[in-house]
Amino acid sequence: MVKLTMIARITDGLPLAEGLDDGRDLKDADFYKQQAKLLFKNLSKGQHESSRLSIETGPYYFHYIIESRVCYLTMCDRSYPKKLAFQYLEDLKNEFERVNGNQIETAARPYAFIKFDTFIQKTRKLYLDTRTQRNLAKLNDELYEVHQIMTRNVQEVLGVGEKLDQVSQMSSRLTSDTRMYADKAKDLNRQ
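Basis of the calculations
- Residues numbered from 1 in each chain as written.
- Predicted model: local features only at pLDDT ≥ 70, side-chain atom pairs only at ≥ 80, totals over all residues.
- Heavy atoms only, no water.
- Helix = DSSP H or I, 4+ residues; strand = E, 2+ residues; numbered from the N terminus.
- Pairing = 2+ DSSP bridges.
- Axes fitted to C-alpha atoms, helices over the stretch in contact; angles between N-to-C directions.
- Contact = heavy atoms within 4.5 Å.

By the naming in an unreviewed UniProt entry, the protein chain goes by 25.3 kDa vesicle transport protein and is assigned to Aegilops tauschii subsp. strangulata.

Have a look at this one:
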């Protein structure tokens, strides 16, 4: 389950938006918010290995996406599927860029886009239950894509195998034709 959501500018670690009711049901909510802010500060110093990462923190995971110098971070239970957490962040990123994209660099005060909280809350509710039809459909789509890639790879391997068989047959024919040519050349030389 999504417990906390924050969005910050990476260049200086400035918090841009946060889900307002995030963390009310969370024990030590202030502690985890402080950890998230420290993470933003570290990221602003260029200390990030990847644009997508999951970080273990006690009984939770911080998942984040960095794109266009903005970090979209959420904290979820360990049991919450990572794929859904990152899909949640992708949904937030797409909407945030669409609505506030041209104002991100000029924001001067913390939580300048606090109105984005309503979208965060609506999206969070969609992702609360991993068993909802919508979320199951997303996971199944991902599984289907992986299956298609694997099927394509197997088909490509089989296709390569067929081509190798054809090359092998051509090679065998060439070898037998070469022997026939050599025999005929010897017969011609004897005459």
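Novice: How should I be thinking about unusual backbone geometry in this particular structure?
Specialist: Glycine aside, residues mostly have negative phi angles, and peptide bonds mostly take the trans form. Its identity as a non-glycine residue notwithstanding, Ser68 has a phi of 55°, on the positive side. The residue Ser68 is located in the loop between β4 (60-67) and β5 (70-77) in this model. A positive phi angle, near 55°, is found at Tyr111, a position not held by glycine.

Novice: Where do I start with the sheet that holds strand β2 (residues 15-18) in this structure?
Specialist: Where strands meet in a sheet, backbone hydrogen bonds hold them as pairs that are either parallel or antiparallel. Overall, antiparallel pairing links the five strands, which are arranged β2-β1-β5-β4-β3 in an open sheet. Bordering the open sheet on either side are β2 and β3 (52-57), each of which pairs with just one other strand. Within the sheet, the average angular offset between the axes of one strand and its neighbour, ignoring direction, is 20°. As defined by bridge partners, β3 adjoins β4 across six bridges and the pair is classed as antiparallel. Bridging from a neighbouring strand, Ile55 pairs with Phe62 of β4. Each of β1 (2-9), β2, β3, β4 and β5 touches helix α2 (residues 82-100); the most contacted strand, β4, lies at about 40° to it.

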